[in-house]
Amino acid sequence: MIIVIAARELRSLFLSPLAWTLLAMVQGLLAWIFLLLVDDYWQLQGRLVSLDNAPGVTDLVAAPLFQVAVWVLLLLVPLLTMRLFSEERRTRTLDLLLSAPVTMVEIVLGKYLGILVFLLITVALIALMPLSLALGATLDIGKLLTGMLGLSLLTAAASAAGVYLSTLTTQPAVAAIATMGFLLALWMIDAASTAQGTADDLFGYVSLRRHYNAFLLGLFDSTDFVYYLLFSAVFLGLAIRRLDDLRLRD
Amino acid sequence: MDEILAQVERLTRRYGEIRAVDEVSFTLLRGQVLGFLGPNGAGKSTTLRMLAGVLAPDAGRIIINGVDLLDQPAQAKRTLGYLPEQPPLYREMTVDEQLHYSARLHGLSRTASHQAVVGIKERCGLTDVSRRLIGHLSKGYQQRVGIAQAVLHDPAVVILDEPTVGLDLLQSREIRGLIRELGQNCGIILSSHRLSEIQAICTHVQIMRAGRLVYASPLADLQQQQQSIRLRVGLKMPPPLARLTQLPGIEGVEELGQGRFRLQHAAAAAPHQALVEQASAENWGLWELTPEQVSLEQIFVELILEAETDE
């Protein structure tokens, strides 16, 4: 049943110009950044040869690309998740799901999965750019993979938050803005680096960025992995509760 | 055919202080078409939404086809079809896609849902528009798609909230025909604020007012009851009122003006002949004699007014 809902969600995305526009925008922007990075690398190459233990092409092109990709995806996710529930509540199509023999858990997970597949396609398309360098250079595949994993986990967590926020309102635009604000706040929260001791630990732990950066260095730390899973689970759980609550309230 | 398909007991739903639905109980048998009638805001939609499992009740029990809707929602909803006031259609999907999705959601396998979609399109007259986008269809066709998605998984209980609202006369007629046909082998609950519609489709009628069920009866009973207990008489030279009252079997006389009278008589008595004989003997100039039917509308209006004066 989850698959049925997810498939419809995905199909619906591709039927609207929104998804295509967003994909085109992401690819266009990141392709430009990618070209700039390759160009930089080209110019640095001569000097790198003389260094011991010099950073490779993965560090100098792929990692910075993923760094930029996060910003683009954090802006993209809210636009994808905003319609999930708010639109269905506004047009009252949610009644179809609520009167069908499916549980709230299936509804939320189905919609989440639909968005997730779309975002994974996006991440794969982004990763194709640095992968194309494999034609003429040696890539650190391990680092590339952790980078992709980090990006996927981050977008998964961000869309879980988006799913929840879109259950709160019947206005997609409100959901989008709330999600965007929330994600950017969590992204930047550890910038309060002047904070000392426990405050710093806390901000550091909830920050989306700090957990992401480790992946880009090629580190797979289970703390980071669990952080993203927990983050997603919490917001999906909240979304399920919220839907149950709506049945009682309106 | 006395199989109970839906049983509702003391269903209650509050919105803040207002009791939108107040202890409503009824049963639905196979083959029945149950019509909910009532003014706007009477609680019809709220009742139907609770029956469909879209809204949670504050109190009461709903048994659909032997399964408690509140305890085992997924199982109960399997045999339930629901068309909300606004058909739940995705404008960006084609008719085929929407129906297929709806069938899959109700647990039909890929092949079963394919067959169901083909069958229901035939019955609802949607075959010609199967590849059109729902957003581009007229209101009438959208309503048909809405009904189709509610019944394509062959549910035992079908809930239709204002199925013909916004349709023109011809479209309403078609939809009514469809509902009557469907009603033969399942149970249908529908709501309407159009009396003629309820009279045309339903086997049973329930009138709601301010969240309460104020009247419930089989439509056939109503028609029985209607067996002209009133006569409208037009006389060119009417005798004094008292003379009319003395006629055999007449219980009450009401003057309507311009030589017209309404005579109330016992259901068993048939005063027509006596009246005609009397009229010709005494030269009253009889020019009209019409058995007056108590229409559903009169009952409806009387009940609503009664309830209003009670408050």
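Here the structure is a predicted model, which means the values were calculated and not measured. (Residues numbered from 1 in each chain as written. Chains lettered and ligands numbered in written order. Predicted model: local features only at pLDDT ≥ 70, side-chain atom pairs only at ≥ 80, totals over all residues.)

Caption draft 1: Representation of the pairing of strand E11 (residues 230-235) of chain B in the model. All names here are of chain B. As defined by bridge partners, E11 adjoins strand E13 (residues 260-265) across 5 bridges and the pair is classed as antiparallel. Of the residues in E13, the one forming a bridge with Arg232 is Arg262. Pairing analysis gives 6 bridges linking E11 to strand E14 (residues 286-292), with the strands arranged antiparallel. The residue bridging Arg232 from the neighbouring strand is Thr290, located in E14. (Pairing = 2+ DSSP bridges. Helix = DSSP H or I, 4+ residues; strand = E, 2+ residues; numbered from the N terminus.)

Caption draft 2: Just the domain arrangement of chain B, in detail. As far as domains go, chain B holds domain 1 (4-219) and domain 2 (229-292). Computed over C-alpha atoms only, the centres of domain 1 of chain B and domain 2 of chain B are separated by 46 Å. (Domains from an automatic or database assignment.)

Caption draft 3: Structural view of the sheet that holds strand E5 (residues 67-68) of chain B. All names here are of chain B. If you walk across this open sheet you meet the 4 strands as E2-E1-E4-E5, and the pairing is antiparallel. Two strands in the sheet have a free side with no partner beyond their single neighbour: strand E2 (18-29) and E5. Here 8 bridges tie strand E1 (residues 4-15) to E2, and the two strands are oriented antiparallel to one another. In the strand pairing of E2, Tyr15 is matched with Ile18. Across the face of the sheet, helix H1 (residues 44-51) comes into contact with E1, E2 and strand E4 (59-64) while running at roughly 120° to E1. (Contact = placed C-beta atoms within 7 Å. Axes fitted to C-alpha atoms, helices over the stretch in contact; angles between N-to-C directions.)

Caption draft 4: Here's a closer look at the confidence of the model for chain B. With 94% of its residues at a pLDDT of at least 70, chain B reaches an overall mean of 85. Across the whole predicted complex the pTM is 0.84, and at the interface the ipTM reaches 0.85. (pLDDT = per-residue confidence, 0-100.)

Caption draft 5: Quick peek at the interface of chain A and chain B. Across the boundary between the two partners, chain A contributes 17 residues, which contact 22 residues of chain B. Elements that contribute at least two residues to the side of chain A that touches chain B include exactly helix H1 (2-15), helix H5 (94-99) and helix H11 (222-249) of chain A. Each residue belonging to the side of chain A that touches chain B can be placed in one class, and the counts come to 8 nonpolar, 5 polar and 4 charged. (Nonpolar A, V, L, I, M, F, W, Y, C, P; charged D, E, K, R; others polar.)

Caption draft 6: Geometry of H11 of chain A. All names here are of chain A. Taking 1.5 Å per residue as the helical rise, H11 with its 28 residues ought to reach 40 Å, and the 40 Å between its terminal C-alpha atoms agrees with that figure. All buried positions along H11 are accounted for by Asp224, Tyr227, Tyr228, Phe231, Ser232, Phe235, Leu236, Ala239 and Ile240. Those residues of H11 hidden inside the fold are in contact with helix H6 (104-132), helix H7 (141-167) and helix H10 (208-216). (Expected span 1.5 Å × (residues − 1). Buried ≥ 20, exposed ≤ 12 C-beta atoms within 10 Å, placed from the backbone.)

Caption draft 7: Representation of the confidence of the model for chain A within the structure. Summarising the model, chain A shows a mean pLDDT of 88, and 96% of its residues fall at 70 or more. Ranking the helices and strands of chain A by mean pLDDT puts H6 of chain A first, with 93, and helix H9 (residues 197-206) of chain A last, with 72.

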